[in-house]
Amino acid sequence: MIVFAAIAPHGGLVFDQPKAPTRKAMEELGRRFAAAEPESAIVLTPHGVHVDGHFAVVRSGQLAGDASQWTDADSSYDGPGDADLADACVRGLQAEGLPAVGITFGATAAGASTMPLDWGASIPLWFMPAAAVVVSPCRELSNDEHVRAGAALARASGARRVALIASADHGHGHDPAGPYGFAAESKPYDEKMIELVRANRLGELAGIDASFALAAKADSFWQLLMLHGAIGDAFEAELLSYEAPTYFGMLCASFAPLD
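Residues numbered from 1 in each chain as written. Predicted model: local features only at pLDDT ≥ 70, side-chain atom pairs only at ≥ 80, totals over all residues. Heavy atoms only, no water.

Peer 1: Would you mind going over the side chain of His146 with me for this structure?
Peer 2: Assignment of secondary structure puts His146 in helix H5 (residues 143-156). Residue classification places His146 among the buried positions, given a relative accessible area of 0%. Looking at His146, its side chain comes within polar contact range of the main-chain oxygen of Ser142, at 2.9 Å. With residues near it in sequence (within four places) discarded, His146 still touches Phe55, Pro137, Cys138, Arg139, Leu141, Trp222, Leu225 and Met226. (Helix = DSSP H or I, 4+ residues; strand = E, 2+ residues; numbered from the N terminus. Buried < 20%, exposed > 50% of the residue type's maximum accessible area, 1.4 Å probe, protein only. Polar contact = N/O pair within 3.5 Å; in protein donor to acceptor, adjacent residues only side chain to side chain. Contact = heavy atoms within 4.5 Å.)

So, in structure tokens, the structure goes:
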């Protein structure tokens, strides 16, 4: 049972700019997350372990990482995984006919494994801590397969109270001096994401060619497809913030179940 969902950015600026709209929106997401009282969280990250042709589901019993690559602030996160939910997610994806594998680090047994977290997972969890399952999308797979994957993850939650967090930064080509250079598609891509979130029309993502996201140098499209698959039209959306203070766009949004 998905009791709360969010789109959360993962740039180190959330620590470096404590008074900025994104930081304030992340704190608000944290409050709404806590109010929903989830038992566990599923975090969709574009920066985790990538397995060719497969969705990757972290089965580790402990998760630890930080964003020290991007900020000097203390961004350390150390928290539990949810191995039972992870196993249910793998089974659910495979039952849907989707290629999926469970992964651990250092030890085969989930209870003895601590997975090193990427910043795409650790930053959202810093604001919304919970026993978590980290899932990586797969850009080799189709829009439809990502939507079906999101639905499978929602079903896998069963009777658990689960929050679904789509960790996502958007176009990475806003600034010609940025590490990826200028991409003319970044601004219109971000504007489209704002439009769809604000109007609660994530379903339209399925009809957008992934080449648009690739040209915009975005790392959000695939997680948002999975988010749509998980919540469908049964949630109310609220756009909390958007800004592009550097070379990439950051958007915060919350999704609450409709009565």
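Peer 1: What am I meant to see in unusual backbone geometry here?
Peer 2: Where the residue is not glycine, phi is negative for most of them; where a peptide bond is considered, it is trans in most cases. Despite not being glycine, Asn200 has its phi angle at roughly 55 degrees, a positive value. The topology assignment puts Asn200 in the loop between helix H6 (186-198) and helix H7 (210-215). Look at Asn200 and you get partly exposed, because its relative accessible area is 33%.

Peer 1: What am I meant to see in the packing of helix H3 (residues 83-95) against H5 here?
Peer 2: Between two packed helices, both the angle of their axes relative to each other and the distance between the axes serve to describe the pair. Put simply, H3 and H5 touch, their axes get as near as 8 Å, and they point 135 degrees apart. If you check the angle between H3 and H5, you find them oblique. As for the relative orientation of H3 and H5, their crossing is right-handed in sense. Residues Leu85, Ala88, Cys89, Gly92 and Leu93 of H3 lie in contact with H5, whose contacting residues are Ala149, Ala152, Leu153 and Ala156. Its residues placed into classes, the contact of H3 with H5 shows 8 nonpolar, 1 polar and no charged. (Axes fitted to C-alpha atoms, helices over the stretch in contact; angles between N-to-C directions. Parallel < 35°, antiparallel > 145°, perpendicular 65-115°, else oblique. Left-handed = near helix turned anticlockwise from the far one by under 90°. Nonpolar A, V, L, I, M, F, W, Y, C, P; charged D, E, K, R; others polar.)

Peer 1: Honestly, the sheet that holds strand S5 (residues 77-80) in this entry has me stumped. Any pointers?
Peer 2: Think of a sheet as strands paired side by side through backbone hydrogen bonds, with each pair either parallel or antiparallel. Strand order in this open sheet of 3 strands is S5-S4-S7, and the pairing throughout is mixed. Of all the strands in the sheet, just S5 and strand S7 (114-117) have a single pairing partner and so form its edges. Taking each pair of neighbouring strands and ignoring which way they run, the sheet shows an average axis angle of 20 degrees. In terms of strand pairing, strand S4 (residues 62-65) meets S5 through 4 bridges, oriented antiparallel. Its bridge partner lying in S5, Gln62 is registered against Pro80. The sheet contacts of helix H4 (residues 119-127) involve S4, S5 and S7, and relative to S7 the element is tilted by about 95 degrees. (Pairing = 2+ DSSP bridges.)

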